[in-house]
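# Report on the structure
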Amino acid sequence: MRIIKLLFFLILLTTVIGCAGSKAKKYLKEGKTIQSDFKTIIPFEMRNGFIILKVEIKDKPYDFLLDTGASNTISPGLAEEINIKLLGSELIYDIYNNPQDIEYGRVDNIRIGNIDFVETVSAIIDFSSVPTWASMKIDGFIGSNLMQHAIWDFDFKKKLITITDIETNLNLPEEIAENKLFIGYASIPSIATKINEKKVWNFTVDFGFNGGINIPYNEFKKQVESEKIIDYTQNKTQGVVGIYGKQNKERDSYIGTINEIEFGNYILREEKVYAEEYLGHLFGLDFFRDYRVILNWNSKKIKLIKNTDDTNSK
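Residues numbered from 1 in each chain as written. Predicted model: local features only at pLDDT ≥ 70, side-chain atom pairs only at ≥ 80, totals over all residues. Heavy atoms only, no water.

## What about the overall build of the protein?
A count of helical and extended segments in the protein gives 8 helices and 25 strands. A total of 314 residues make up the protein; the buried ones form 55% of that total. Sequence separation of at least 24 residues holds for 67% of the intrachain contacts in the protein that already meet a minimum separation of 6. Surface exposure of the protein reaches about 14000 Å², of which carbon and sulfur atoms provide 45%. (Helix = DSSP H or I, 4+ residues; strand = E, 2+ residues; numbered from the N terminus. Buried < 20%, exposed > 50% of the residue type's maximum accessible area, 1.4 Å probe, protein only. Contact = heavy atoms within 4.5 Å. Areas by Shrake-Rupley, 256 points an atom, 1.4 Å probe, with all protein chains shown as cover.)

## Some remarks on the sheet that holds strand S13 (residues 177–180)
The sheet built from 6 strands is open, its strands ordered S2-S12-S11-S24-S25-S13 with antiparallel pairing. Of all the strands in the sheet, just strand S2 (39–43) and S13 have a single pairing partner and so form its edges. Recorded for the sheet is a direction-independent mean angle of 15° between the axes of neighbouring strands. (Pairing = 2+ DSSP bridges. Axes fitted to C-alpha atoms, helices over the stretch in contact; angles between N-to-C directions.)

## Focus on the pairing of strand S21 (residues 251–263)
Relative to S21, strand S15 (residues 189–195) is paired through 2 bridges, and the arrangement is antiparallel. The residue bridging Ile195 from the neighbouring strand is Ile261, located in S21. Bridging between strand S18 (residues 232–237) and S21 involves 6 bridges; their strand directions are antiparallel. Within S21, the position partnered with Gln234 by the bridge is Tyr254. Pairing of S21 with strand S22 (residues 266–276) involves 10 bridges; the strand directions are antiparallel.

## Here we look at helix H7 (residues 217–225)
Within H7 the residues assigned to the buried category are Tyr217, Glu219, Phe220, Gln223 and Val224. All buried residues of H7 lie within an arc of 165° about the axis, which places them on one face of the element. For H7, exposure combined with an orientation more than 90 degrees from the buried face picks out Asn218 and Glu225. On its buried face, H7 is in contact with S15, strand S16 (198–205), S18, S21 and S22. Positive backbone phi, at 60°, marks Glu227, one or two positions downstream of H7. (Arc of directions from axis to C-beta.)

## Some remarks on unusual backbone geometry
Excluding glycine, a negative phi dihedral is what most residues carry, and trans is how most peptide bonds are arranged. Of note in this structure, Glu119 is not a glycine but carries a positive phi near 60°. Residue placement: Glu119 occurs in strand S9 (residues 115–124). For Glu119, a relative accessible area of 30% puts it in the partly exposed group.

## Considerations on the environment of Lys301
Residue placement: Lys301 occurs in strand S25 (residues 301–306). Looking at Lys301, the relative accessible area reads 28%, which means it is partly exposed. Distance in space between the C-alpha atoms of Lys301 and Lys180 is 4.7 Å, their sequence separation being 121 residues. Contact partners of Lys301, with chain neighbours within four places excluded, come to Glu178, Asn179, Lys180, Leu181, Ile294, Leu295 and Asn296.

## Side note on the confidence of the model for the protein
Low pLDDT marks stretches whose predicted atomic positions should not be read closely. When pLDDT is averaged along the protein, the result is 86; 85% of the residues meet or exceed 70. Ignoring residues within four places in sequence, the model shows residues 1–20, a span with pLDDT below 50, making 76 contacts including any to other chains. Scored below 50 in pLDDT, residues 310–314 makes 9 contacts in the model with residues more than four places away or belonging to other chains. (pLDDT = per-residue confidence, 0-100.)

## A word on the packing of aromatic side chains
Across all of its chains, the model carries 21 aromatic pairs by this definition. For the ring pair Phe154 and Phe207, a centre distance of 4.9 Å and an interplane angle of 65° mean the geometry is edge-to-face. Separated by 53 residues along the polypeptide, Phe154 in strand S11 (residues 151–155) and Phe207 in the loop between S16 and strand S17 (213–214) bring together distant segments of the chain. Overall, the relative accessible area of 0% leaves Phe154 in the buried class. Centre to centre, the rings of Phe220 and Tyr254 are 4.9 Å apart; their planes meet at 20°, and the pair counts as stacked. In this pair, Phe220 sits in helix H7 while Tyr254 sits in strand S21, placing the two residues 34 residues apart along the sequence. With respect to burial, Phe220 and Tyr254 carry one shared label: buried. Sitting over the ring of Tyr291, Lys306 keeps its end group 5.0 Å from the ring centre. (Phe/Tyr/Trp six-rings, centres within 6.5 Å; stacked < 30°, edge-to-face > 60°. Lys NZ or Arg CZ within 6 Å of the ring centre and 35° of its normal.)

Below you can see the structure in the form of structure tokens.
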């Protein structure tokens, strides 16, 4: 599972502000768009399985990785270049319980397409210390605390993102797969689902994870023991990358096929899933790229339109 190892750094960016105290919490709700009644369409590229888009800060273009599973993040170099307004710092621990003091500040304006997102907060992290991210040559991450101020329509087939504040601008079909969004800390979205008819809560909708569906490790084990999952393999995984680097700690993991997963009014059948100790439960880009995906923080809904006919789902 090489992809999982490389991407765990992004999943853990959630904790940069998500685990911070009340001092940072209030800042994550800040921000707005200058424009109203807007619609813009921008291209994106997939780089190492991630969404990369162009943004402008002080009239200069930068490459940012889009990650719904985290808050905004910028590099120290960019923070110095744009003279970011610092608001404070928090002592943050990664998965290995390694602490580091992380500063965060307010970015006056991040322009995406022709939309200006103003007064949003970003953490400042030297992610260049992780070779995977250094090789991607990115300047920061667009997170959910910025994205919450618009409606985002991802067309993975055409590699286009439509950003609007009025959903009727998107011309969606009447019959559409949808699920309720639960908006958590840093406005990070999650959903509930049923795995073989058992309700499971808090699956992060995580575009900063280029794996597919990761279900709770203990739930996978229970379903194996009750013989609801019989097509699976058990493995050992090493070398997960945390915020501050990589450690070779071995963990158990499973890969298997789930008979049925409920996604709101949509049923996924014979779906490949992954489960690993400490990884959490997520829906990642390897799943979402087969759909056109609409994320609406106002209505608290995620909507899916299948890119192609799927004989395994209804």
